[in-house]
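Single-letter residue listing:
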Amino acid sequence: MGWTPAMGTGTLVRRLGEEHTIAVLSRLLAGDIPTVEQAVPPYRQVLLDIGNGHAERLLSNGSGQRLVYWPKVWAARSLAYVGRRDVGPQLRSASCDAHWRVRMTATQTIGRLGIDGLTAALLERLDDDHVRVRAAALLAMERAG
């Protein structure tokens with residue numbers, strides 16, 4: 001069987017521990033780690049764990065342009081696989097990110113985790129400029145009941 005995001009997240013958790021993994025993913029999601037630092041240890045391995053071959057291609061591309069949003073996307077997705085609901089504030093902030101993929105994935109993760117208290121954030125995403133973010137918000141609200 002090939003790599004999956006759940007497997008990559010599991011590898012990261014085994015390597016760093018759950019608390020440290022959440023801290024690192026939260027920093028990535030917030031954009032607190034400069035792009036130049038993402039391409040070198042220890043963050044390079046984190047990105048390879050959660051982004052697999054896609055991360056390898058982006059890290060080998062010298063421009064770093066796509067590293068602005070993909071690490072945030074992968075971090076939001078990985079938080080779903082860690083499975084802790086106490087990451088709601090980080091996901092709430094990411095649901096307002098400038099890039100639609102980050103907003104979409106953060107919104108999807110809110111729904112997957114069934115995080116209470118974020119109905120207002122999901123309602124805001126129903127008016128998002130991007131159709132995929134709106135669809136993610138609708139699905140998240142359905143999951144939340």
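A look at a nonpolar patch on the surface
- There is a patch of nonpolar side chains on the surface, built from M1, W3 and M7 and spanning about 370 Å² of accessible area.
- Along the chain, the position of W3 falls in the segment before α1 (5-16).
- Judged by relative accessible area, W3 falls into the partly exposed class, the value being 32%.

As for helix α7 (residues 100-113)
- Across its 14 residues, α7 extends 20 Å between first and last C-alpha, which sits within 8% of the 20 Å expected from 1.5 Å per residue.
- Burial of α7 is extensive: eleven of the 14 residues sit out of reach of the surface.
- Every buried residue belonging to α7 is among W100, V102, R103, M104, T105, A106, T107, T109, I110, G111 and L113, and all of these are buried.
- Packing partners of the buried residues in α7 comprise α2 (18-30), α5 (70-82), α6 (88-94), α8 (119-125) and α9 (131-144).
- After α7 finishes, the residue G114 shows a positive phi value of roughly 60°.

Quick notes on the rules
Residues numbered from 1 in each chain as written. Predicted model: local features only at pLDDT ≥ 70, side-chain atom pairs only at ≥ 80, totals over all residues. Heavy atoms only, no water. Patch = residues over 30% accessible without salt bridge, like charges linked within 9 Å, V, L, I, M, F, W, Y side chains within 5 Å. Areas by Shrake-Rupley, 256 points an atom, 1.4 Å probe, with all protein chains shown as cover. Salt bridge = Lys/Arg side-chain N within 4 Å of Asp/Glu carboxyl O. Helix = DSSP H or I, 4+ residues; strand = E, 2+ residues; numbered from the N terminus. Buried < 20%, exposed > 50% of the residue type's maximum accessible area, 1.4 Å probe, protein only. Expected span 1.5 Å × (residues − 1). Contact = heavy atoms within 4.5 Å.

Read these as spatial facts, not as claims about activity.
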